[in-house]
Each structure stands twice: as C-alpha cells, then as structure tokens.
Amino acid sequence: MSVSTIEKERAPAVEEGILIFIFADMCMFALFFITYLMERNADPTVYIASQAKLNQTLGAINTLILLLSSWFVVLAVKALKRNAQQACAVFLASAFCCGAVFIVNKAMEYSAKIQDGVTILSNDFFMFYYIITGIHLAHVVGGMVILLVLFINTRRGKYSANNIAAVESGGVYWHMVDLLWIFIFPLIYFLGA
Amino acid sequence: MALFRDNKNLVAMGLLLATIVSWFTFEEFHGYVIASVVIILISTVKVKAVMSSFMEIEAMPGPWKYMMNGWLAVVCLSMLIAELM
Amino acid sequence: MDEKTAFRHELISAWCGPAFLISFIIFWVILGQNFPNPSPALTADALQARYAENLGSIRLGFIISMIIVVFYLPWTALLSTQMARIEGRFPVMAYLQLLGGGLTVMVVSFSAFFWVAAAFRPDQDPATTQMLTDLGWLCIDLQYACTTLQMIAAALVGLADKREVPLFPRWACYVTIWCGLSFLPASLTGVLKTGPFAWDGILSYYIPYACWLGWYTIASTYMIKEVNRRIKASEGAAVTSPSLSRA
C-alpha cells in the first residue's frame, strides 16, 4: 500500500464533538433557509422587489473569496501532512486574509444598504437578509479567530504530520462556513420567480 | 465520489470556474424558474464537492456521512420545492 | 464538617438540577402560559384579555417561578466546586461559572417579576400591561450573555479535564458551547415584533430555550454521576483502609 493510499483511507482526525458542533450549526442554517423560503413564498412580490436592490456582484465575489480560502486551508493541511510547517503557516495566513477581504466586502455592502435607508426593519426580506448574512458573518469572524490561532501555533511548531487534529478540525469548520455561503448566495441574491 | 476526494486542487479550481461561469451565464436570468432550478442544482453539486473533497465526509466515522448527505438533500429539496411551487 | 455530610450536601445540590428543570417547566412554561408565549405583535387590548382569561394560572405560575428558580443556585455552586477540583488552586472558570449562574437566576427571576406586576391590576390601562410584559420578555431575552459565559466556562474546564473519568465527556462540552451561542439570535427580540426572530419565534424562543434546558439536563446528568462516583470511591476506600479515608 503506497503512502498516498494510506493518506486517503485515513479518516480526518476531527473529534466527534466538533462534528456535532458543526452539524448543529448547519441544521440551524437549514432552518433559516426553510423559514426564509416559507415566508418568501407567502409574500413573493415584496421579496423579489427587494432582492433586486441587492448588489449581486459583491455577493458573487464573496463566493469566490470563500472558495479560494477553503482551497488555501486544504493546501495548509496537505503541507502539514508533509511536515512543511512553513508552507502550512503561509496557507493559513492566506486563508485568513481571504476572510478579511470577505468582511471588508460585506461591510461595504451593508454600509451602501444603510446609506440607502435599508435596515433590518425595512421589510421581511431585509430582515432575513441582514440576519442570515449577519450570522454567517459571525461564523466567518469565528473561523478567522480559529485560523489565527492555528497560524500562531503552526509558527511555533506545535503541529506536525503526527499532530494534525487541530488543523484538520479548524479546516472542517472553515469549509462549513464556505459551503453555507454557497447556498446563502443563490438563496438570498438570486432565487425566486 | 472518489473523484472528488483524490484531486482536491482540481476540485477547487472546478468550484471557482463553476462559480464564474454560472455567474456570467445566469446574471440576466433572475426570476426564470429554469434558471433557478439550474442554479440550485449547481450549488448542490458544489456543496457536495466541498463535503466530499475538502471535508472528507466519506471517511468520517459513524453516521456522519449519511447525516451530511441528508442535510444536503433536505436543503436542496426544500429550495427546489419552494421554487417550483 | 465530616465527609458524609459534605457528600449529602453535594448530592442534594446535584438533584436540585432535575428539581429546577421539572418545576420550571410546570410553573414557568405551563402555568405561566408560555407555551406558546404571547406574541410581541399582540395589541394591548388582546394582551390584557390574555391575562384576564388566565389570571390565576399566570399569577401562580410566575410567583412560584420566582421561588423555584433558586434551585439553580445550589446546582451552580456544585458545578463550581466540581470545576474547581479540575482547575486546582486558582479556579477562575469556576468563579466565572458561579457568577454566570447566579446572574442567570436574577434575569429569570426579574422577568417573572415583571409579569406578576403586569397581572397585578387586571383592570389597569392595557398600555401598562403591555409595557410590563415587554419589560419581562426583553429582560429575559436580551440578557442571556451571563448564561452563555456560564456555559462556556463549564465547557472549557470540561475540555481541559484530563482525569481518567472526566466530569463531562468531550462531546457534551462542544454541545454546551454550541447551545450557549445559540442564544445569540435572541438579541433580535430587541427590535423585531414579527417573524422567526421575534420573542415568540422559533429561532429566538423555542430553539434557544430548548438548548438552555437541554444543556442543563445533560450537565445535571453528568454532575449527579460524578457525585455518586465520588461517594462510591470514598466508601470503597473506607472499607479497604479506614485510616486513609480522609485522603
């Protein structure tokens, strides 16, 4: 059996508890999505008219940023498996920077909306818009804190190919943040007939 | 889903490409049911790719693989149903 | 104080957990008419009528709620003691948990107090009833952060517990952190009157409260187990070597 097969067969070293945490988060968002869809279908005209006011381009750019950051995290884990701590740290830092760009992008989007007088109280669509993207943003910030801690610890040489659980767990969390946005973007910015 | 798991870099590039292409293709088609359905399906495939390739859910212990796939099915179906109703 | 008495106090405190849980559900949830709870979108007159219809039940429910909520205190004190044993000489997180638990009691207590006040003069101006009801709900729904800190403190110590049989299993600690963070949407009750994030909505009421009580159930279970384990260990030690029973 070659080394690469072993690597592929091995389960990621993510603790059960962290998976429960991540899955609970995903279920919470699934509930957000379903309530959004139900409320939207009850009053489609308001939702469609309000949706048209969103800046789809910024949303699409944010999708790309998060996908890119997920890729960096994948590369970080791969580098650590080769015991290349230096490279791992660089990739973690890159993923962190992507998160920062995401936040700046979101801040621009929110401030433009607020300047147009659109707030959480404007109508039900914007209530969902601010809350779903806001809670997702909180997850991005949380994920960035995790990435920062992982980065610092990697620089200090705390992790290696034999001690990879923390990096893999943080990675799975960050991928979750990414995959939630893959659904949030079409749901809030695009869908609706 | 071995394809997703073995070529993580390829999957990542595919995801970025799918995002760009679907964005330029569907930007003008808001409100068309067909466009919405296609976008939902593309998003579902993208999430499936992230789950299988990046999160390696197939290798996770116990029922996690089924729970994650179940979550994906529920979200995808509820979006489709809401769109087609 | 001899060991036996100390263990008895610990066991009573641990069983205050289930006692709080059951009496809270009976008095606060059921008799207090909080399942479902009044919508913030109700008009003042409709709210007044809701009090008038269930006056006895609401008064009894919330007056007793203010008494039984203190079951939370011995339970919190026991959890702090158990955490302090894990932490050692300087148990910062145990103190934090103690503060968080104590303040949680005051938050829950004050909300019930406002609702008792709202029911006190059933023929008053409906606007006053509405305001007192608002005060109660905003009091309990916006001031969850003490409870979140209490839970996170317990989870952090639980995760750092390296004993052979830890106080909490690791999964329970992660669940605890998640449950503590699930309260966050309740902050939206400060501005919204309708929808899933209003104080009668699924995401600001049913899920956060279920998470709080769910965590409380899980923690109580493991705390009772720990006390029983210690009692058993001490009995075993007393049988084998009476002279070492105090070690």
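Going by the structure above, here's the rest.
Overview of the structure. Remember, it's a predicted structure, so these values are computed and weren't measured experimentally.

### Digging into the interface of chain A and chain C
Reports of interface size often rely on the accessible area that becomes lost once the parts have come together. Contact residues are listed per partner, giving 17 residues for chain A and 18 residues for chain C. The contact between chain A and chain C buries some 1,600 Å² in all, and 84% of this surface belongs to carbon and sulfur atoms. By the criterion of area lost to chain C, the three top residues of chain A are Glu15(A), Phe21(A) and Met28(A), representing 30% of everything that side buries. Between chain A and chain C we count 1 salt bridge in total. Its salt-bridge partner being Glu15(A), residue Arg170(C) comes within 2.7 Å of it at the nearest N-O pair. Applying the counting rule to chain A against chain C returns 2 residue pairs in polar contact (both at pLDDT 80 or more). Residue assignment for the side of chain A that touches chain C shows that the elements contributing at least two residues are α2 (16–42) and α6 (124–155) of chain A. It is α2(A) that provides the largest number of residues to the side of chain A that touches chain C, a total of 10 residues. A breakdown of the residues in the side of chain A that touches chain C according to their chemical character gives 13 nonpolar, 2 polar and 2 charged.

### Side note on the interface of chain B and chain A
Taken residue by residue, the interface counts 43 residues in chain B and 46 residues in chain A. Carbon and sulfur atoms make up 77% of the area that chain B and chain A hide from each other, which totals about 4,000 Å². Summed over the three residues of chain B that lose the most area to chain A, namely Trp23(B), Trp64(B) and Trp71(B), the buried surface amounts to 17% of that side. In this assembly, chain B and chain A are joined by 1 salt bridge. Between Glu83(B) and Arg40(A) there is a salt bridge, and its shortest N-O distance comes to 3.0 Å. The tally of links from chain B across to chain A stands at 5 residue pairs in polar contact (both at pLDDT 80 or more). The dominant element in the side of chain B that touches chain A, judged by the number of residues it contributes, is helix α3 (residues 33–54) of chain B, at 12 residues. A breakdown of the residues in the side of chain B that touches chain A according to their chemical character gives 29 nonpolar, 8 polar and 6 charged.

### Comments concerning the pattern of salt bridges
Residue and element names in this part refer to chain C. Counted by the stated rule, this structure contains 10 salt bridges over all chains. Glutamate 10 serves as the salt-bridge partner of arginine 85, at 2.6 Å between the closest nitrogen and oxygen. Taken as a pair, arginine 85 in helix α4 (residues 72–87) and glutamate 10 in helix α1 (residues 3–31) lie far apart in primary sequence, 75 residues in all. We classify arginine 85 as partly exposed; its relative accessible area is 32%. A cluster of three or more residues bridged by salt bridges with shared partners is formed by Asp161, Arg163, Glu226 and Arg229.

### Remarks on helix α4 (residues 56–81) of chain A
Residue and element names in this part refer to chain A. A rise of 1.5 Å per residue sets the reference length of α4, with its 26 residues, at 38 Å; its end C-alpha atoms lie 38 Å apart and thus fit the reference within 8%. Most of α4 sits out of view: 20 of its 26 residues are buried. By the N-cap criterion, in which a side-chain oxygen at the helix start approaches the backbone nitrogen of a residue two or three places on, α4 is capped by asparagine 55, the distance to threonine 57 being 3.2 Å. Downstream of α4 by one or two residues, asparagine 83 has phi in the positive range, about 65°.

About the cut-offs
Counting restarts for each chain: residues are numbered from 1 in the order of the written sequence. Think of it this way: whatever chain is written first is A, whatever ligand is written first is 1, and the rest follow in order. Two thresholds apply to this predicted model, a pLDDT of at least 70 for residue-level local features and 80 or more for giving and counting side-chain atom pairs, whereas whole-chain, interface and lining totals are computed over all residues. The side-chain values count all of the structure's non-hydrogen atoms but skip hydrogen atoms and water molecules. Residue contacts are defined here by distance: any two heavy atoms, one from each residue, within 4.5 Å place the two residues in contact. The term buried area denotes the loss of accessible surface (1.4 Å probe radius) that occurs when two parts are joined, taken as the sum for both partners. Within this document, salt bridges are pairs made up of a side-chain nitrogen of Lys or Arg and a carboxyl oxygen of Asp or Glu, the two lying within 4 Å of each other. Polar contact criterion, stated in full: a pair of N or O atoms within 3.5 Å, where within protein one must be able to donate a hydrogen and the other to accept it, and residues adjacent in sequence count only if both atoms are side-chain atoms. Comment: elements are numbered from the N terminus, with helices defined as DSSP H or I runs of at least four residues and strands as E runs of at least two. When residues are sorted by character, Ala, Val, Leu, Ile, Met, Phe, Trp, Tyr, Cys and Pro go into the nonpolar class, Asp, Glu, Lys and Arg into the charged class, and all the rest, Gly among them, into the polar class. Only protein chains enter the accessibility calculation, which uses a 1.4 Å probe; a residue whose area is less than 20% of its type maximum is buried, one above 50% is exposed, and one in between is partly exposed. Expected span of a helix: the number of residues minus one, times 1.5 Å.

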